[in-house]
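Report on the structure
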Amino acid sequence: MTLFGAHSPAGKGQRRHKLLLTHRGTVPMETSRLLLRPFRVEDAETMFRNWAGDPRVTRYLLWRAHQTVDETRSVLEYWQRQYSRKDFYEWGIVLKDSGQLIGSVGATKAAGHQCLEVGYCIGYPWWGRGICPEALHRVMDFFFSEVGCRQLIAMHAIENPSSGRVMEKCGMVRRPGDSVPVSTENGLYNCRVYEMTRQQFELLSSKSVK
C-alpha cells in the first residue's frame, strides 16, 4: 500500500489547483480483470469490511483504520461531493469475475509542474495476486495519455517494501536521495519516492507492444 493509498479519508492534502492538464475526473475504466469506477455511498459496508476497517491494510497509509461503517460512509459522502470536480480522482477496484469491490486507486496533486501522486490499497485477502500493478498501470496510462501529465510519483514507507515492488512492476524508478519523513495518523514513517515521466512510460509501452 502506498502512503497516499489513495486519498486520505477527509480529503486532507487534496487542494484545488490549476494545471495545464486536461482533467477528466473519475471516469470508469477497465483492465482484463478489473473494473475501475467511482465509489457510491452504498459501498460503505463492503469498503469497511474488505479494507478500510483492517489495520493490516491501513498500517502504512496516511489514515488509520476506520472504527465503524458510519466512518466509512462519511468518507464516501465526502467523495460524492468531490466527484463533480474534474481534478478529483478516486476509483474503486472491482473484480470482474465476482463483482467484488476490493480496494481503491487514485491520485492527488504533487509538487512539480504537471505532476500527480498516485496511490492504491486493496484488501488483505487479495494481496500478492498482481491486482495493484494492474490497476496502477491502467491509471498511469490514463494520466499520461488522456490527462497529459508529465510525471507521476508514488511513495511508500520503508517498512512496506512490497508496495515499492508494485511501483517497480509498473516501471517506476526510485528517486535518488534520502528518504522523506511523512507524518500519518499511524505514526511517522520514512518514505521512498518513486517516479516516472510520460516519455519513460511511452518508451516502455512501445517495447511491450513489439
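What comes next concerns the included structure. Keep in mind that this is a model prediction, so the values were computed, not measured.

Ser 163, Gly 164, Val 166 and Met 167 are the residues of helix α5 (residues 161-169) that are buried. On an axial view of α5, the arc spanned by its buried residues comes to 150°, and they lie on one face. Looking at the buried positions of α5, the neighbouring elements they touch are β5 (115-122), α4 (131-147), β6 (151-157) and β9 (187-197). Immediately beyond the C-terminal end of α5, within one or two residues, lies Gly 171, with a positive phi of roughly 90°.

Turning our eyes to something else, we now look at the pairing of β6. Taking burial as the measure, the 7 residues of β6 include 6 buried ones, the bulk of the element. Relative to β6, β5 runs parallel, the two sharing 3 bridges. Its bridge partner being in β6, Leu 116 is matched across the sheet by Leu 152. As judged from the 7 bridges shared by β6 and β9, these two strands associate in the antiparallel manner. Paired with Ala 157 across the bridge in β9 is Cys 191.

Here we come to the packing of aromatic side chains. If you walk through the whole model with that rule in mind, you get 12 aromatic pairs. With 5.3 Å between their ring centres and 70° between their planes, Tyr 60 and Tyr 189 make a pair best called edge-to-face. Of this pair, Tyr 60 sits in the loop between α2 (55-58) and α3 (69-82) while Tyr 189 sits in strand β9, and the two are 129 residues apart along the sequence. Per residue, the accessibility class of Tyr 60 equals that of Tyr 189, and both read buried. Where Phe 144 meets Phe 201, the ring centres are 5.2 Å apart and the plane angle is 35°; that geometry is what we call tilted.

Time to look at the nonpolar core. The biggest cluster of nonpolar side chains holds 37 residues, and the ones touching the most others in it are Trp 91, Ile 93, Met 140 and Phe 143. Residue assignment for this core shows that the elements contributing at least two residues are β2 (34-38), β3 (89-95), β4 (101-109), β5, α4, β6, α5 and β9. For this core, the leading source of residues is α4, giving 10 residues. If you look at the next biggest cluster of nonpolar residues, it comprises 17 residues, including Met 47, Trp 63, Leu 76 and Trp 79.

Parameters and conventions
Residues numbered from 1 in each chain as written. Predicted model: local features only at pLDDT ≥ 70, side-chain atom pairs only at ≥ 80, totals over all residues. Heavy atoms only, no water. Buried < 20%, exposed > 50% of the residue type's maximum accessible area, 1.4 Å probe, protein only. Helix = DSSP H or I, 4+ residues; strand = E, 2+ residues; numbered from the N terminus. Arc of directions from axis to C-beta. Contact = heavy atoms within 4.5 Å. Pairing = 2+ DSSP bridges. Phe/Tyr/Trp six-rings, centres within 6.5 Å; stacked < 30°, edge-to-face > 60°. Core = buried A, V, L, I, M, F, W, Y, C linked by side-chain atoms within 4.5 Å.

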